[in-house]
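Each chain, letter by letter, is given below.
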Protein chains: 4
Amino acid sequence: MKIAIIGAGSSYTPEILEGLASLRERLPVRQIHLMDLDPARLEVMTGFCRRFAARLGFEVEWLSSTDRRAAIEGARFVLTQIRVGGNAARVLDEKIPLRHGFIGQETTGPGGLFKALRTIPAMLEIARDVEALNPEAWIVNYSNPTGLVTEAVSRCTRARIAGLCSGGLFPRWWAAEALGAAPEQVHYDYFGLNHLSFAYHLTVNGRPLTADELARVAARLGGAVDAGLVQKLGLIPSPYLQYYFHRRRALSRAQARELSRGEEVQRLEKVIFTAYADPHCDEKPGALAKRGGGGYSEVALGLMDAIYNNAERTMIVNVPQRGAVEGFPPEAVFELPCLVRADGIHPLRQAEVPRAVWGLVAAVKNYEQLAVDAALSGSRDTALLALLAHPLVGDYDAAQALLEDMLQAHRAYLPQFFAS
Amino acid sequence: MKIAIIGAGSSYTPEILEGLASLRERLPVRQIHLMDLDPARLEVMTGFCRRFAARLGFEVEWLSSTDRRAAIEGARFVLTQIRVGGNAARVLDEKIPLRHGFIGQETTGPGGLFKALRTIPAMLEIARDVEALNPEAWIVNYSNPTGLVTEAVSRCTRARIAGLCSGGLFPRWWAAEALGAAPEQVHYDYFGLNHLSFAYHLTVNGRPLTADELARVAARLGGAVDAGLVQKLGLIPSPYLQYYFHRRRALSRAQARELSRGEEVQRLEKVIFTAYADPHCDEKPGALAKRGGGGYSEVALGLMDAIYNNAERTMIVNVPQRGAVEGFPPEAVFELPCLVRADGIHPLRQAEVPRAVWGLVAAVKNYEQLAVDAALSGSRDTALLALLAHPLVGDYDAAQALLEDMLQAHRAYLPQFFAS
Amino acid sequence: MKIAIIGAGSSYTPEILEGLASLRERLPVRQIHLMDLDPARLEVMTGFCRRFAARLGFEVEWLSSTDRRAAIEGARFVLTQIRVGGNAARVLDEKIPLRHGFIGQETTGPGGLFKALRTIPAMLEIARDVEALNPEAWIVNYSNPTGLVTEAVSRCTRARIAGLCSGGLFPRWWAAEALGAAPEQVHYDYFGLNHLSFAYHLTVNGRPLTADELARVAARLGGAVDAGLVQKLGLIPSPYLQYYFHRRRALSRAQARELSRGEEVQRLEKVIFTAYADPHCDEKPGALAKRGGGGYSEVALGLMDAIYNNAERTMIVNVPQRGAVEGFPPEAVFELPCLVRADGIHPLRQAEVPRAVWGLVAAVKNYEQLAVDAALSGSRDTALLALLAHPLVGDYDAAQALLEDMLQAHRAYLPQFFAS
Amino acid sequence: MKIAIIGAGSSYTPEILEGLASLRERLPVRQIHLMDLDPARLEVMTGFCRRFAARLGFEVEWLSSTDRRAAIEGARFVLTQIRVGGNAARVLDEKIPLRHGFIGQETTGPGGLFKALRTIPAMLEIARDVEALNPEAWIVNYSNPTGLVTEAVSRCTRARIAGLCSGGLFPRWWAAEALGAAPEQVHYDYFGLNHLSFAYHLTVNGRPLTADELARVAARLGGAVDAGLVQKLGLIPSPYLQYYFHRRRALSRAQARELSRGEEVQRLEKVIFTAYADPHCDEKPGALAKRGGGGYSEVALGLMDAIYNNAERTMIVNVPQRGAVEGFPPEAVFELPCLVRADGIHPLRQAEVPRAVWGLVAAVKNYEQLAVDAALSGSRDTALLALLAHPLVGDYDAAQALLEDMLQAHRAYLPQFFAS
């Protein structure tokens, strides 16, 4: 089996390698094709991967190129982890909105919109190659914003794609830790969008959690969302809900920070890549742990295992909802529990959605539809309506000014908006 | 035929009287029973109504009492126009939210929530009397917030209720004026909630409006919503959308005003009631025109005519949607075009809803459900979740402080929240 | 205004003329273009129409041709009343199924399937001409089976089409007669397919009918459906339900008849056309009353009036249901109460469907979908599955034999099944 | 863990015992409480079970009583396998309809209706005991008609119930055998009602079956449904579909049989019970294999294992569909793939249903709703409407006569229809 990694210059790549090595008995990978548009990063990463694999005793053939089609051809899984514009663009997504009085964040709010506008055209090119060259392959995507990317790819191509995020696993891990249970004894319903999701109806060994137990699980959120609010809601929100439920606090904190998260990551990545480039380094550098994103590899490997081995497993994935939730079009992508097998990813019906937050999810889903429309059409008007529809923006006058600033700042990566 | 007017001390009452007089050939009213909890206002109003009716040559028997059940008994239509806490409470609804950085408005935002919390219990008492004493009667409600009131009454009683607002007629009037057409030649689809509604797919003589014609209609909004935005949306929003689409401007304007609208109304009403009380006055005072609310009487009379005469007519009314719009529970009240006849009010299917705003409507509908829950239960937690769900609030920390202030300020009219 | 009549050689044409004459003040028709593939019938009909119009004092220009496109061009309404294969084919539809132990009927059961297979391709040609030459025109169809024809045309073209039948009016007329009320005081919900429809929730002056009153209305069915059954169902079925509810009796009666209805019609038409051909005849022949189909003209004229004059009216029409009934795809054509205006035909939401018969309607709708598929594709397999899905056939072994007989018998009019 | 078996006098009981013995490591059963209304059968069965368990080396405590409440108390699972009226009533269900020209069958058609009318009241008594005494227990039902029983119990009680049938497993077994694959490598979508179900979208190792492979699977149906029809449908129907798709053949065959299946079973059971009663017999008698019903035990044990061990497994079960299929009320019971875990049985969304048969399923579901209504109300009218709605009856005149015959024949077991 061959695996392609698109955007292999990402600092995450060694985590995937490590995961593949640990799962080698179930996933007989023979060839890994690393692909990146940046030859320098690619070379560093290929070198490190060879050394790291050797240290792990993981025998696999390494290919490396800047040619996307070569990487895709023959691959059973195409892992996509691209970042159009790199961390420099992310920093703009974080900082420009703050000047207009809106939260600046990689995936939430106006920053997420612009990340989508840059990423979707690139992901569509990849998906069209998969569709043409290798229609049986699965795209395993963790390019953010993964929900929007998955919706655009599903809408425009017949490529098979799973939009991954580790967020769906956290409530299980937190509950297991807090209650001293095995993770597989914890179940819940789950509803929402990527980074706007809610775990509810939690059970352990089939028994509903008590209010006290829920509070203990909620404590694992570390205050990202107020503990009292979690009690009132009776569910475990994604920590990203802090940007909605504590929007004022989140904004003022962000305005008060010296470095944005993107800037911190830029510093960290320098340290990490220096280590990767060291020809004697054959272990994950310590700084990688601070980089974040843990759990992605577990989700991606679980998914590939379930598909490759036809090993029916429930996992939380971003997919077109196809009737799993009431009141939305079938093609709308939601982050949902799914049954994953060789024949596909089947979202599970969520018969009841949480009473206090479904309107918020609907509002953000409406924004997402408009955002995908804008990414595909390059229409300024649609981008403006997307900002207007976003619950964290909503104001037309401010949205107009923000849109212009953002379009100019990201101009190099938004050709669809600047065609003559 | 008997008509009961509950809250007859309202300054609007003479407009209803005028409407009934003008329609006397189709609606043979023999008795009008005025009811109000305030005997002083009631006496003034009864006196004026007798004189005004005499001047109009409208022969009808006048009854007047503070006994609600007496008024309801035998009435074919029960008109409800109550204001719990009077304009003094309205002024608090307008002013307290401003201090917390939120818009203060009679029906939109936190002010609307508290108006609902005060009004719903009183309206339920009325509806339960109708249900018990006079189940065939129709409650013709224009107590605000009319959507929330109608949802609560429909959910808890079997009384027949129509939630009225003149807002649904404005796009027709505006289009007729702007295009030089007869109003009945203008049609449109219509979707939304009271004071959060959208007219779209406008036609005149069956022909869709051009972009230019739409702009001419939009100009009638008088800038409440930006003309460029109206073009991009391709629909005519309710002017109340200014509180959403121009939330920053609306907030700063409100903070800059010397008098709130409620305070202006208090002043106007003094002038109006002085006139009503004058035993020589038998005409509507000039100040009444500044009071606002025109069109209510036209809508109420059209509805009573259609029901009484079984004269199948389409009108925009707040009713449980029963499948007229996709993706919401059947009992959710929406403001929708309806077929009105003697056998009831039948909402018309709106097969497509406007792509750019359905998420906003969903978010506000979610708030409304929680607001009704809170009004019925007296639960502070639910009231807090309602504020959190409201797109114009959304922030938990600020909502907590605001809730406490509002509950204390309105304590006298919120017994359900202060039961021992 | 120009009106085109396609299939103008039909004996019904004078009824339409009479209707147009009587409505001339509301519908200013200046030109009527008669079109038929049969020049002989066309000539006879044109001659008679001129004489009849003269007698009625109806001044209008008469055009006549076998060129469909000429007729369609410039017409505001295109009336279609074609019968592919003529009454000879109808007689086969009636007689062949009887030999296989199935009911033989013009629109119900296997006969209706073959009428659809013959008619749909011809109607699509007409609709494509309308789409290309005259997209604003309305096709006013009463070619049977009107539901299937309308579904095929709506699915494959953007031509505007209304599928008419007088059946929706009968419950109103029966109730008005039985209860001594004005027809416009009678209302009901209505659900089903053409010739498989149910009026329920009947009211007169807004008041629900008593069981006794319902029985009096039901008596007008003349025993087509058993009176006791009507009571138990609590609704007024179309008389065509006799073929379902009394399928054994209907079959044995049909098997015992000497002449099929089609054969009777053939005899009648000879008499009628002899009269039409008489150059002195300028009045409707007496035999026409026995021909059936009364009410069609009333429905067609009401529809044209509502559209032409933008005179918002509720009528029962076959249209894509677009969410008016739960649980069926939006493009499925149902016979439903609709709001008819210049901007289109809007089916009214039927929030509750009759509990005892929805499954029968679903089964027949499923058959209809397959029948349309078969008509479009010319697939024998699909035609067989359509017969299998039909509640009056259902048996695979018998369906195979029947299909072969019917295909051979109608071979000349089913080119799509016999392409090399 | 305690298990209760209600209707333990059934000849199937030893199969359950055998299953429990083989699964003893995963299901630590300590006590089995056999309950039956017939003390003689109960005594025989208890004796045999003790001997058979001893032979299997299965150590468990045996309780035996005619007291239902004693059996239910403390049980983790309550297995129900009752047959009200015994095989004598079954024979009537098979024979009376034949005289009226309808198929006579245990679960399909009029026979199934009367089995439901007899069984539902008895099952409700059991379910109400479970609800009151032991609300955490699961009722594992294989009393037929299992879909109707499950719908009645779910509608009227809060007892947890799974309606089992082995039918859902057959397509998997057939495909595995036909294709030489492991059963767990075969997956499919599945839609329908008990004994009216369809497996489609079959895959093996995630790959869709070819037409040729499907034909090889279909061959396992043994001609119950014609192989050519299976090809055209592109799915694997339940063998019970023979009563629909080959209704004429099924009827004439049944009319030609000397003994009905129920009469054969009566003979077999004599042989089987003689063996059970033999104090030296400690093995399943050979005749049991001819009794049928194999697979039930596998399904029941798989379900109990998944629930007890919280071992997330997909199984086909009859449950309220709760949005898993479009267009039916959430409480309607369907036979569907479900995710089974300790926290409940979650039906999986079936996003597409088979195009050629959904109408048949809808028609039978409509019958089932009316049948449950009739069983609960004892209304003759509703029972008549149920027969009328059934696609295999449909004729009102014949249904009336049939109903009277059946009611009289089963009078002793239908008290709800004969209350004074």
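Residues numbered from 1 in each chain as written. Chains lettered and ligands numbered in written order. Predicted model: local features only at pLDDT ≥ 70, side-chain atom pairs only at ≥ 80, totals over all residues. Heavy atoms only, no water.

A. Seen up close, the overall build of chain A. What chain A contains, in helices and strands, is 17 helices and 13 strands. What you see for chain A is a C-alpha radius of gyration of 21 Å, in line with the 22 Å of a compact globule of 420 residues. The C-alpha extent of chain A, read off along each of the three principal axes, is 60 × 50 × 40 Å. Counting across all 420 residues of chain A, residues that qualify as buried make up 63%. On chain A, roughly 14800 Å² of surface is accessible, and the fraction owed to carbon and sulfur atoms is 50%. Of the charged side chains in chain A, 45 are positive and 46 negative; the average position of the first set lies 2 Å away from that of the second. (Helix = DSSP H or I, 4+ residues; strand = E, 2+ residues; numbered from the N terminus. Rg over C-alpha atoms; globule rule 2.2 N^0.38 Å. Buried < 20%, exposed > 50% of the residue type's maximum accessible area, 1.4 Å probe, protein only. Areas by Shrake-Rupley, 256 points an atom, 1.4 Å probe, with all protein chains shown as cover. Lys, Arg positive; Asp, Glu negative; His and termini not counted. Charge placed at Lys NZ, Arg CZ, Asp CG, Glu CD.)

B. Layout of the interface of chain A and chain D. Taken together, the contacts link 23 residues of chain A with 23 residues of chain D. The interface formed by chain A and chain D holds two salt bridges in total. We note a salt bridge from R322 of chain A to E352 of chain D, for which the minimum N-O separation is 3.0 Å. Taken together, the links from chain A to chain D amount to 13 residue pairs in polar contact (both at pLDDT 80 or more). Split by residue class, the side of chain A that touches chain D holds seven nonpolar, nine polar and seven charged. (Contact = heavy atoms within 4.5 Å. Salt bridge = Lys/Arg side-chain N within 4 Å of Asp/Glu carboxyl O. Polar contact = N/O pair within 3.5 Å; in protein donor to acceptor, adjacent residues only side chain to side chain. Nonpolar A, V, L, I, M, F, W, Y, C, P; charged D, E, K, R; others polar.)

C. Broad picture of helix α7 (residues 170–179) of chain C. Residues and elements named next belong to chain C. Among the ten residues in α7, seven count as buried, and that is most of the element. Of the positions making up α7, those classed as buried are P171, R172, W174, A175, A176, A178 and L179. Here the buried face of α7 lies against β7 (186–193), β8 (196–204), α8 (211–218) and β10 (236–237). Following α7 by one or two positions, G180 has its phi on the positive side, about 65°.

D. Geometry of the pairing of strand β8 (residues 196–204) of chain A. Residue and element names in this part refer to chain A. Counting buried residues in β8 gives eight out of nine residues, a clear majority hidden from the surface. As judged from the seven bridges shared by strand β7 (residues 186–193) and β8, these two strands associate in the antiparallel manner. Across the sheet, residue Y190 finds its bridge partner in β8, namely A199. From the end of β7 to the start of β8, which pair antiparallel, there are two residues, and H195 there has a positive phi angle of about 60°. Note: β8 against strand β10 (residues 236–237), two bridges, orientation antiparallel. In the strand pairing of β10, A199 is matched with I236. Relative to strand β9 (residues 207–208), β8 is paired through two bridges, and the arrangement is antiparallel. In the sheet register, T203 faces β9, and the bridge partner there is P208. Hairpin remark: β8 followed by β9, antiparallel, with two residues in the connecting loop; positive phi at N205, about 50°. (Pairing = 2+ DSSP bridges.)

E. Layout of the domain arrangement of chain A. Residue and element names in this part refer to chain A. Per the domain assignment, the segments making up chain A are domain 1 (2–164 + 262–303) and domain 2 (366–417). On a C-alpha basis, the centroid separation for the pair domain 1 and domain 2 is 25 Å. Taken together, the contact pairs 29 residues of domain 1 with 28 residues of domain 2. A per-residue breakdown of the area domain 1 buries against domain 2 is headed by F102, F114 and L117, which together make up 26% of the total. Counting every contact that joins domain 1 to domain 2 gives two salt bridges. Of the charged contacts in the structure, one is a salt bridge between D405 and R99, with a shortest N-O distance of 3.4 Å. (Domains from an automatic or database assignment. Buried area = accessible area lost by both parts, 1.4 Å probe.)

F. Focus on the interface of chain A and chain B. Between chain A and chain B, the residue contacts involve 42 residues of the former and 42 residues of the latter. The contact between chain A and chain B buries some 3200 Å² in all, and 54% of this surface belongs to carbon and sulfur atoms. Contact with chain B buries area across many residues of chain A, yet K232, R248 and Y396 of chain A alone supply 20% of it, more than any other trio. The partner of D373 of chain A in a salt bridge is R355 of chain B, with the nearest N and O atoms 2.7 Å apart. In this structure, the connection of chain A to chain B is made through 24 residue pairs in polar contact (both at pLDDT 80 or more). Counting residues per element, the ones that place at least two in the side of chain A that touches chain B are α9 (227–233), α10 (242–245), α11 (247–256), α15 (358–377), α16 (380–389) and α17 (396–409) of chain A. The greatest single-element share of the side of chain A that touches chain B, amounting to ten residues, is contributed by α15 of chain A.

G. Highlighting unusual backbone geometry. Here the bond from N144 of chain C into P145 of chain C is cis, since omega is -5°, no more than 30 degrees from zero. Despite not being glycine, N205 of chain A has its phi angle at roughly 50°, a positive value. Turning to its location among the elements, N205 of chain A is positioned in the loop between β8 and β9. You can call N205 of chain A partly exposed: its relative accessible area is 48%. Backbone geometry places R322 of chain D, a non-glycine residue, at a positive phi of 45°. Looking at the secondary structure, you find R322 of chain D in the loop between β11 (313–320) and β12 (333–341). With relative accessibility at 36%, the residue R322 of chain D sits in the partly exposed group.

H. The arrangement of the side chain of K365 of chain B in detail. Looking at the element boundaries, K365 of chain B is found in helix α14 (residues 358–377). In contact with K365 of chain B, other than residues within four places in its own chain, are W358 of chain A together with E151, L193, F328, A332, V333 and F334 of chain B.

I. Spatial organisation of the relation of the copies chain A and chain B. The two copies are related by a screw motion: chain A maps onto chain B through a turn of 180° and a shift of 0.0 Å along the axis, at an RMSD of 0.0 Å. Those values place the two copies in the arrangement expected of a two-fold rotation axis. Residues of chain A ranked by C-alpha distance from the rotation axis are headed by G327 of chain A, positioned 1.7 Å from it. The residues that chain A uses at the interface reappear at the interface of chain B in 100% of cases, marking a shared surface. (Least-squares fit on C-alpha atoms with pLDDT ≥ 70 in both.)

J. Examining the relation of the copies chain A and chain D more closely. When chain A is brought onto chain D, the operation consists of a screw motion whose angular component is 180° and whose axial shift is 0.0 Å, with 0.0 Å RMSD remaining. Looking at the interface residues of chain A, 100% of them are also at the interface in chain D, so both copies use one shared face.

K. Focus on the arrangement of the chains. Note that chain A does not reach chain C: the shortest distance linking a C-alpha of one to a C-alpha of the other is 13 Å. Nowhere do chain B and chain D come into contact; their C-alpha atoms are at least 13 Å apart.

L. The packing of aromatic side chains, seen in detail. Counted according to the given criterion, the structure contains 40 aromatic pairs over all chains. The ring of F334 of chain B is capped by K365 of chain B, whose NZ or CZ atom sits 5.6 Å from the centre of that ring. (Phe/Tyr/Trp six-rings, centres within 6.5 Å; stacked < 30°, edge-to-face > 60°. Lys NZ or Arg CZ within 6 Å of the ring centre and 35° of its normal.)

M. Looking closely at the nonpolar core. With 205 residues, the main nonpolar core has F245 of chain A together with F245 of chain B as its most contacted residues. Residues F198 and L403 of chain C together with Y396 and A398 of chain D belong to the second largest nonpolar core, which totals 204 residues. (Core = buried A, V, L, I, M, F, W, Y, C linked by side-chain atoms within 4.5 Å.)

N. Main features of the pairing of strand β13 (residues 344–347) of chain B. Pairing between strand β12 (residues 333–341) of chain B and β13 of chain B: four bridges, direction antiparallel. If you follow R341 of chain B over to β13 of chain B, its bridge partner there is G344 of chain B.

O. Up close: the packing of helix α1 (residues 13–22) of chain B against helix α2 (residues 39–56) of chain B. All names here are of chain B. Running from amino to carboxyl end, α1 crosses α2 at an angle of 30°, the nearest separation of the two axes being 10 Å. Considering the angle they form, α1 stands roughly parallel to α2. Crossing geometry of α1 relative to α2 is assigned as right-handed. Of the residues in α2, those in contact with T13, P14, L17, E18 and A21 of α1 are M45, F48, C49, F52, A53 and L56. Among the residues making up the contact of α1 with α2, the classes are represented as nine nonpolar, one polar and one charged. (Axes fitted to C-alpha atoms, helices over the stretch in contact; angles between N-to-C directions. Parallel < 35°, antiparallel > 145°, perpendicular 65-115°, else oblique. Left-handed = near helix turned anticlockwise from the far one by under 90°.)

P. Main features of the packing of α1 of chain B against helix α13 (residues 296–308) of chain B. Residue and element names in this part refer to chain B. Relative to each other, α1 and α13 sit at 45°, their axes nearing to 9 Å. It follows from the interaxial angle that α1 and α13 lie oblique. Between α1 and α13 lies a crossing whose hand is right-handed. On the side of α1, the interface is formed by E15, I16, G19 and L20, while α13 contributes S297, L301 and M304. Class assignment for the residues of the contact of α1 with α13 results in four nonpolar, two polar and one charged.

Q. Looking closely at the pattern of salt bridges. On inspection of all chains with the given rule, the structure shows 132 salt bridges over all chains. Linked through salt bridges whose partners overlap, the residues forming this network are E151, R155, K365, E368 and D373 of chain A together with R355 of chain B.

R. Up close: the environment of P320 of chain D. All names here are of chain D. Residue placement: P320 occurs in strand β11. On the accessibility criterion, P320 (22% relative accessible area) is partly exposed. As a C-alpha pair, P320 and V333 span 13 residues in sequence and 4.0 Å in three-dimensional space. Those residues in contact with P320 that sit more than four places away from it in its chain are S154, P330, E331, A332, V333 and P347.

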